[in-house]
Structures are given as C-alpha cells and as structure tokens.
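Survey of secondary and tertiary structure
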Amino acid sequence: MRATLLALAGAAALTAAAVPGTAQAAPAEQTRTTQVTYQGRTFTVPASWSVVDLAKAPDTCVRFDRHAVYLGTPSAQQDCPAKELGRTEAVLIQPERGRSSAAGQVTENRTAKTYRADADGLTVTAAYGSDKKTVQNVLRSADLPVDDATEAPAAGAAPAVKAVPTDATSFQGKGFDKCDAPSTAQLNAWHDASPYSAVGVYIGGVNAGCPPSFDAAWVQTQYDNGWRFFPIYVGPQAERGAGSCTGDCEVITDPVPQGAASARDAAAQAESLGFAKGSVLYFNMEQYTRGGAVSDRVLAFIQSWTTTLHELGYVSGVYGSVSSLITDLVAQDGTGYVQPDVIDFARWVAPGGEAGEPPADTGDPQIPDHMWADHQRIRQYSGDVTETYGGVTMAIDADLLDVGQGVVQPPQQKDTALTYTGPTSLSDGSPAELSATLTEKDGGAPVADREVAFALGGDTAQTCTAKTDAQGAARCTVASVDQPLTADATVPLTASFAGDDAYKASQAEALLKLQYVTGRAYGLNAKVSALGLPVSIGPAPDTGTVRTAGATKKIPPCTASVNAVVLSASALCADVTTTTGPSGASAGATVDKVRIGLTGLPVVELSGVRSEVHSTCSATTGGTGLTLRVGGFPVDVGDEPNAVVDLGAGARLVVNEQTRSGDGLTVDAVHLTALAGAVDIVVASSTAAAHNCG
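Cut-offs used in this document
- Along every chain, residues carry numbers that run from 1 in the direction the sequence is written.
- With the structure being a predicted model, the display of local features is reserved for residues of pLDDT at least 70 and the display and counting of side-chain atom pairs for 80 or more, all residues being used for whole-chain, interface and lining totals.
- For the side-chain quantities, the full set of heavy atoms in the structure was used; hydrogens and water were omitted.
- Two strands qualify as a pair provided DSSP detects at least 2 bridges between them.
- A run of DSSP states H or I qualifies as a helix once it reaches four residues; a run of E qualifies as a strand once it reaches two. Both are numbered from the N-terminal end.
- Each Phe, Tyr or Trp ring, with Trp reduced to its six-membered ring, pairs with another whose centre is within 6.5 Å; inter-plane angles below 30 degrees give stacked pairs, above 60 give edge-to-face pairs, and intermediate values give tilted ones.
- Accessibility here uses a 1.4 Å probe with only protein chains present; expressed as a share of the type maximum, an area under 20% marks a residue as buried, one over 50% as exposed, and anything in between as partly exposed.
- In our convention, an over-ring charge means Lys NZ or Arg CZ found within 6 Å of a ring centre and within 35 degrees of that ring's normal.
- Residues belong to one nonpolar core when they are buried, are Ala, Val, Leu, Ile, Met, Phe, Trp, Tyr or Cys, and are joined through side-chain atoms within 4.5 Å.
- Every angle, taken between N-to-C directions, lies between 0 and 180 degrees, and every axis is a line fitted to C-alpha atoms, over only the stretch in contact when it is a helix.
- The contact rule is simple, with two residues in contact once any of their heavy atoms fall within 4.5 Å.
- What counts as a disulfide here is a pair of cysteine sulfur atoms lying within 2.5 Å.

1. Looking at the sheet that holds strand 22 (residues 451–456)
Adjacent strands of a sheet form backbone hydrogen bonds with each other and so pair up, either parallel or antiparallel. Read from one edge to the other, the open sheet built from five strands follows the order 20-26-25-22-23, with strand pairing classed as mixed. Each edge of the open sheet carries a strand with a single partner, namely strand 20 (425–426) and strand 23 (462–467). Bridging between strand 22 and strand 23 involves six bridges; their strand directions are antiparallel. Across the sheet, the residue bridging to Ala-455 is Thr-463, located in strand 23.

2. Details of the packing of aromatic side chains
Under the counting rule described, the total for this entry stands at 15 aromatic pairs. The interplanar angle of 55° and the centroid separation of 5.0 Å between the aromatic rings of Phe-176 and Trp-190 together place this pair among those described as tilted. Of this pair, Phe-176 sits in strand 11 (residues 171–177) while Trp-190 sits in helix 2 (residues 184–193), placing them 14 residues apart in sequence. Seen in terms of ring centroids, Phe-176 and Tyr-196 are 5.7 Å apart; in terms of plane orientation they differ by 65°. Their pairing is edge-to-face. With Phe-176 in strand 11 and Tyr-196 in strand 12 (residues 196–204), the pair connects residues that are 20 residues apart, well separated along the chain. With relative accessibility at 2%, the residue Tyr-196 sits in the buried group. An aromatic cluster of three or more residues is present, and its members are Phe-176, Trp-190, Tyr-196, Trp-227 and Tyr-389. Directly above the ring of Tyr-516 sits Arg-547, whose terminal nitrogen or CZ lies 4.7 Å from the centroid.

3. Section: the nonpolar core
With 57 residues, the main nonpolar core has Phe-176, Trp-190, Met-285, Ile-302, Trp-305 and Leu-329 as its most contacted residues. A total of seven residues in this core trace back to one element, the largest contributor, which is helix 5 (residues 292–312). By size, the runner-up hydrophobic cluster in this structure holds 40 residues, among which are Ala-526, Val-576, Val-609 and Ile-681.

4. Some remarks on the sheet that holds strand 17 (residues 376–389)
What the eight strands build is a closed barrel, ordered 11-12-13-14-15-16-17-18; its pairing is mixed. Within the sheet, the average angular offset between the axes of one strand and its neighbour, ignoring direction, is 35°. Each of strand 13 (228–233), strand 14 (280–284) and strand 15 (315–321) is contacted by helix 5, which is oriented at about 155° to strand 15, the strand it contacts most. Against the sheet, helix 6 (residues 322–330) contacts strand 15 and strand 16 (342–346), and its axis sits at roughly 135° relative to strand 15.

5. Remarks on the state of the cysteines
Counted under the stated rule, the structure contains five disulfides. Note that Cys-179 is cross-linked by a disulfide to Cys-210, the S-S spacing being 1.7 Å. For the disulfide bridge between Cys-179 and Cys-210, the dihedral angle about the S-S bond is near 110°, and by the sign convention the bridge is right-handed. Residue Cys-179 is located in the loop between strand 11 and helix 2, and its partner Cys-210 is located in the loop between strand 12 and helix 3 (216–224); the two are separated by 31 residues in the primary sequence. As far as the burial class goes, Cys-179 and Cys-210 line up, both buried. Through a disulfide, Cys-464 is tied to Cys-476; the S-S separation comes to 2.0 Å. Taking the sign of the torsion about the S-S bond as the criterion, the disulfide between Cys-464 and Cys-476, at about 55°, is right-handed. Of this pair, Cys-464 sits in strand 23 while Cys-476 is found in strand 24 (residues 473–478), placing the two residues 12 residues apart along the sequence. Residue classification places Cys-464 among the buried residues on the basis of a relative accessible area of 12%.

Shown next as structure tokens:
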C-alpha cells in the first residue's frame, strides 16, 4: 500500500485557460477566481487551482490531495502511483453517474468529507479538507443547492445492487493493490500472464487520495473473471504526516466516534459496490510513531472500527506497519481488547520496497503464531513497484494473501444466451459483417470480454472470431462471402461461445438468405398457326434460364439468319452476364434486321433491334432500341415503354414491352399479336431479376 506522493506531471500548466473543447475556462477575477464551464454549467473556482480536461490528458491521475478541478470521466489510462493519501479541496465534474435531477440534488458524506451533486446530466464530487467553505462556494456558483444538502445514504439505506458472494474477499495466493482501480482490459491481461489473482481496491475514506473510479458492475465482472478482492478504506490517521501522508492527512481526534463513523461509511460504500455482509473490509492505518497518546488513540479507534463492522455484519480487517499498528495490536493480546479479524501487514522483502523474491508464507517473527492463525493474514512484501504482464504496465504494491477457509473454488458457472444480431441476407463476393450478443440467461446482463466464434456455411464454412464488448456484442467480418447456391438459396450460420470457468457455453443458429440472380435472353420467338401457313421458330438463339450467386457469362452462338414464308431475320444474338460483390445480372438480345409480312396486314420492318435488362438489389431497369417502318413508312414510338402501334384487323404491335413480375423485369423489343393469338411474334427478349435482397 503504499507509496510516496508523486507529482502530477504538467498539472500546474493545465490551468483554466488551458482547457479546450467543451471544458472552457475564462478568468473572472484574475487574482482570485476563475470560471470553468462544462456541459453548459459554470463553476467559479479559485484561480490558483489547476483545471484538468481529462479528455485531453487521459493519463492524469485524479487525486483529492491537491487543489484541482477535473473535467470528464477518469480514464482507464490514468497514471497513478500505487497509493496516494491526504485530503484537501478538489472537484471532479463528470457526466452523470446513476441519477439525475434538473434542479440538482446534493448529498454530503461528513465522514469522508465529500459532497456529491447530480444535475442536468452531470455528477459533481467535491472533496474538502480544512476549507469546507470554499467547496461550498464552488457548488453554489453553479446553482447547486449545497445549503440543502442531505446526509449521504448509510448502509442499508441506498438502493440495492447485485452483490458478489462473500468468498470475493477470501483468497490464498498473490495479489496487488493500487490507488486507482485497474480497467477490465488491464486485469484481463494480468489474469492470464501475472502471478496475481487478487486486487486491493480503495473504496473511500477521508484520506483516500484517489476517489473510487469503479462500480458494482465492475466488481461483478472481475469476480466472474476469477479475481478476488481486499477492499481498503482510508479514514483518519494517527498523525498528519503518518506513512505516505505528506503532512495533509486528516487525523484521529475523537477515536471512538470516528472509528464507528468510519466503519459505517466503509460498510455503506462496500454495500454500494456489491460487497455483501460477511466481506472483509480493511482500514488503512499508515505507519506512525508508537507510544503514549498516539497509540492509545489508534487502539481505541481500531477497536471501535471492529465492533461497529461486526454490528453491521462485516468482517474487520486492518492494514498497518509491523513497526507500529501491528506491534500495538500484539501488545493487547490477552487483555480483552477486541482484535480485528484479519491483518494486512507491511514487511517488505527489500528495504525500500523494491521487488524481490516473494515470501513463502505470511508468518512474521513479530507476530505470534497463535494470533490471526486461521487464514487471517495478508503480507505486503513490495511497495510501489512497476511490473508489466501481457503488455500492460502498472505501479502496484505486491501482497501475499491467506484469507478465508481453504482454497477458493472457481465461481459457479452461469447460464448464457447467445443471440445472432447480424444481417439476414448475404451476397457472394461481398463482406459479411456478422454479430451476436452474449448475455446472462437469468436477467439478461451483458457478458463482456468473451470470444464468440462464427461459422458461415456448412461443409464450406468461412469463419471469424471476436470478443464481446461492454454491451455483450461481438462483431467480426468475413471479408468475401463464397457460398454455393442451394435449392432454397440459404446459408447456415452458427455463432458459438465455448464457455469458461464463469459462464456456460451457448450457441445461436440462423439461416441466412443468399442473394442470387436469374436471367434469360433470346433473339426471336415466333408462332403462326393461321393462314394455312404454320410457322414455329425459336426461341433462337436462347441462353436458357441462368440462376446463380456467382459471376458468370452465358452467350450461345448467334443465329445468322431465319427465313420463313411470313418473316425473316438476320444476325440474332443473346447473352446473360452476372456479377458478385454485390450480386447483379444483365441480359441482352440483338437482331440486325427483321421483316414480317402477314396477309391483310402492312409489312413491318425492323432494324438495329436490341433489348436489355440490368438487375441488382438496388434497382432493376431495362430498355429497347430499334428503327421501325410500317407499310413502308417510318414510325417513331419514342422511348416510353409499352408503346402500341395499331396495325388494323385486330393486330397490334407493342414496342419496348416491359413486364414486371416478382423481383424481375422482362423487356421485349417488339411483340406482335394478331388473329386472337394465332399470331404471336417476339423479337429480342431480355429478362433479369435479383433475389433475396431483403
């Protein structure tokens, strides 16, 4: 626990005038105050205070042992030492955390000497030492009703949160503690690569230099991930300059009431963070000069801490130096003094706290073997050392724990539910952005930082993997879909979570639609069954129906000429081309010249005939081009579809005939009908369609 005070690099330069973006600052009275505006609310603060924009300086350690205004949410990147102690006036202004009131509501924790204000989407935490009035003025300047502040909720009075089991504070093995709580990503890296499986977290107290930057959800996540905890509370100290204090720690003046108040506040903070009754809570008492009134105050304070925690249903733990607190406690053995249940003592393996060979056990020559003998000890064996595991570097104190009965068993596996949330339609040659959400089956809480595997297809499966984010969502991309077209044009998709020590395996299946296209084109199709001259031609040439999800071309040989009694044609061609990424089809037919001569009707002559259709999931379009003469005279029908030319005697000629059906379009360049259907001639027909687009 514990480290000397480190300077906040660059903090003095990050004054109000240096804060850009949404956190704007401008001098109000150059020698006395500065106005700081954050998300529309203005605070008047002493001009001598540093103003730090945490979005611009994410590595800044948020500390309440120096005059500062911090704007924004403390980052997982903040560079804090293993420990910070002390208290002065400081303010943290950040986006709303858990509750909101347009008019503002303010609570005061008189034990921890902090105000909390919630208003208009902001949460303000204001700490004070000896100058409470200055902090009150800062809150008043932003129209926060500090004069109407209510008492912060006590244990059992705050809204209930989901608690971790009491074995969360039991562990045998190596652990570490640091001023600010590590992020989930940092702990995941260390869990896999470091020798540590327990973490000490600071939950509050008037001398906690780093305000708690975690919540009950964080505690639950780390517990599920296999971590165990030793929650630390830093209340009033024996001396203003004790241990890691630098002369600014709040001190014990009235030990019995202060010990009880600290225990009640620690229980309230623990409860709000999900540490249930039965958990061990540790009071951090820094090294002090033993003897006389100082030792008397400390012993009375710790006994009051212990008895009050017992009344509240918690287990009492204390941290202290072997040379001060632990020696004073040992001296009370056999006197009837109510001892704490667990001790956490500092005995470093190297004189300056440097990293060294971890001890084999928690024994110490100054602590009798019969005291705290039943899995009731933690030994801090290194202080403020920097270690790197899994590519993550942190400044820590290193500890050996023997707390609780027996070896900690892994948590009971929870049932999970995996739900596919990705696209329902795919296209060969295009990327597929697959996604699924992993949640707890009971209650639906998201399960973060777990790997989900996706398999697209059956025997020809394409795979990708991704880890779930804070919302339980996993997303990965198959760069280019390559799946066969089946009779029902579907592709099976399986998303699976293999399970781990905390969560059971689960799987989701889906049947995705594979986009595909169809197309057909032919040059001429003629049926004449009247006039004693039966004629049947084609379709010629004909691509036949093309159905595919891939890229292909179908081009049958052109037909040089067609000659019948009533019609003739030359240079007839047809083709269908399909593409992927995304799917598309183009069909086209051309005929160079056509002559139709039916008894009793004017001669129809066509040249340069073409029809075409283009179809994708975005659009399907088509058109015709030709030159038309009827009875020797040119006829201009324009570009509009379905233009009708009346040939007389019930015969009709439709130019650019367009027929839509389902997902597709058919374009016939010319369609001649007569004699109640006995004559039916189509010249240059094209059809294309895109399917499974939705």
